[in-house]
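So the chains spell out like this:
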Amino acid sequence: MSNILCEFPYNDHKHIALVKLNRPKVLNALSTDLMRELVDKLFELDDNPEVRVIILTGNDRAFAAGADIAQMVEATPIDQINNNRFRSWQQLAQITKPIIAAVNGYALGGGCELAMHCDFIIAGDSAKFGQPEIKIGTTPGAGGTQRLTRAIGKSKAMMLAMTGEMIEAKQALDWGLVAKVVPSTTLMQETYETAKNIANKAPVAIKLIKESVNKAFEMSLSDGVDFERRNFYLTFSSSDQKEGMRAFLEKRDPEYKGN
Ligand code: DAK
């Protein structure tokens, strides 16, 4: 059975791909194989000119309950270095198209970290987020202490990582970890509506927004603003910028070509 499923389920929108984590018996525990398959699939979609937005999801019970504990329990540090597990995680950052995490159920440890690697999170009201590694004698290892701290601030990140407690979707929304909470039963439909909205925009400008927002975590404000301005200028070499502005002035819907 494949650890990753990929579908194009939205007949009215061919530009949206749905990627599902598929190890339901172990709450989508993120094995090394699953992570490799996930990254391979995301690269394939990133290279597919038809695809404009990717939705990443799990199932009703779990987005993912973390890295596969059974696979890690007896590992030595050298095993961890030699199996190159970290490479898959680093490669996630190379995807240029928008990825929306649609989260129902548990997003814990590596599952929470994976959701935070996505560009934003839409949560069903059943979602639970946390960094419970401390409960099994270790620490977050795929960016949890860094991305969670940037998302919700030091005090709350410290509390979550030190206690291993989970927070509910509503709390995650109030703390700024997720962009939106919707009823769990309508999560996929609501995420699709947001994906469709983005897929109808100029694809190159969307990529440049992703790049610029992500730079906010790496650069000083003045360097970041400079980077953003250069991306803004760059859009003026696209046919889509001309089309978008002309369509506005001509009071019609734009038709973007992605160039
Ligand atoms: N790994 C392996 N199996 C897991 C799992 C996990 N993370 N989480 C759940 N399972 C399995 C359970 O063992 C159980 O299997 P069976 O007994 O049925 O064979 C099945 O899924 C159902 O789970 P439960 O029976 O426990 O279900 P409950 O509803 O009672 O509890 C739970 C749900 C989510 C509260 C509980 O399963 C749980 O606490 N799971 C572990 C959560 C956790 O500790 N997560 C953090 C793992 S450490 C790195 C990259 C990534 C990471 C680190 C470094 N590098 C690249 C350097 C990430 C580390 C982690 O995520």
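The structure presented is a predicted model; accordingly, all values stated were derived computationally and were not measured. (Residues numbered from 1 in each chain as written. Predicted model: local features only at pLDDT ≥ 70, side-chain atom pairs only at ≥ 80, totals over all residues. Heavy atoms only, no water.)

Colleague: Run through the site of the ligand, naming residues and quoting values.
Modeller: Taken together, the neighbourhood of the ligand is formed by 25 residues, with Arg61, Ala65, Ala67, Ile69 and Gly110 sitting nearest. Taking Arg61, its side chain carries an N or O atom lying 2.9 Å from an oxygen atom of the ligand. Between Ile69 and the ligand, the recorded distance is 2.9 Å, taken from a backbone N or O atom to a nitrogen atom. Surface burial for the ligand is 65%, taken as the share of its 1100 Å² of free accessible area covered by protein chains. Because more than half of its atoms lie within 2 Å of the grid, the ligand is assigned to the second largest pocket. Elements that contribute at least two residues to the shell around the ligand include exactly α2 (69-72), α4 (85-92), β6 (106-108) and α5 (110-117). The leading source of residues in the shell around the ligand is α4, at three residues. Broken down by class, the residue content of the shell around the ligand amounts to 15 nonpolar, four polar and six charged. (Near = heavy atom within 4 Å. Polar contact = N/O pair within 3.5 Å; in protein donor to acceptor, adjacent residues only side chain to side chain. Areas by Shrake-Rupley, 256 points an atom, 1.4 Å probe, with all protein chains shown as cover. 1 Å grid on protein atoms, 1.4 Å probe; cavity = no way out; pocket = protein on both sides within 12 Å on 5 of 7 lines; lining within 4 Å. Sits in = over half its atoms within 2 Å of the grid points. Helix = DSSP H or I, 4+ residues; strand = E, 2+ residues; numbered from the N terminus. Nonpolar A, V, L, I, M, F, W, Y, C, P; charged D, E, K, R; others polar.)

Colleague: Tell me what's going on with unusual backbone geometry, and back it up with residues and numbers.
Modeller: A positive phi angle is found at Leu27, which is not glycine, with a value near 50 degrees. One can find Leu27 in the loop between β2 (16-21) and α1 (32-47). The class of Leu27 is buried, set by a relative accessible area of 19%. Phi is positive for Asn28, which is not a glycine, with a value near 60 degrees. Tracing the backbone through its elements, the reader meets Asn28 in the loop between β2 and α1. (Buried < 20%, exposed > 50% of the residue type's maximum accessible area, 1.4 Å probe, protein only.)

Colleague: Before we move on, could you go through the layout of surface pockets and cite the residues and values that matter?
Modeller: Space inside the largest pocket adds up to approximately 1100 Å³. Surrounding the largest pocket, 32 residues form its lining, Met116, Cys118, Asp119, Asn214 and Phe217 being those nearest its centre. Counting residues per element, the ones that place at least two in the lining of the largest pocket are α5, β7 (120-124), α6 (144-152) and α10 (203-215). Its residues assigned to classes, the lining of the largest pocket comprises 18 nonpolar, six polar and eight charged. (Points joined across faces, edges and corners; volume = space filled by probe spheres on them.)

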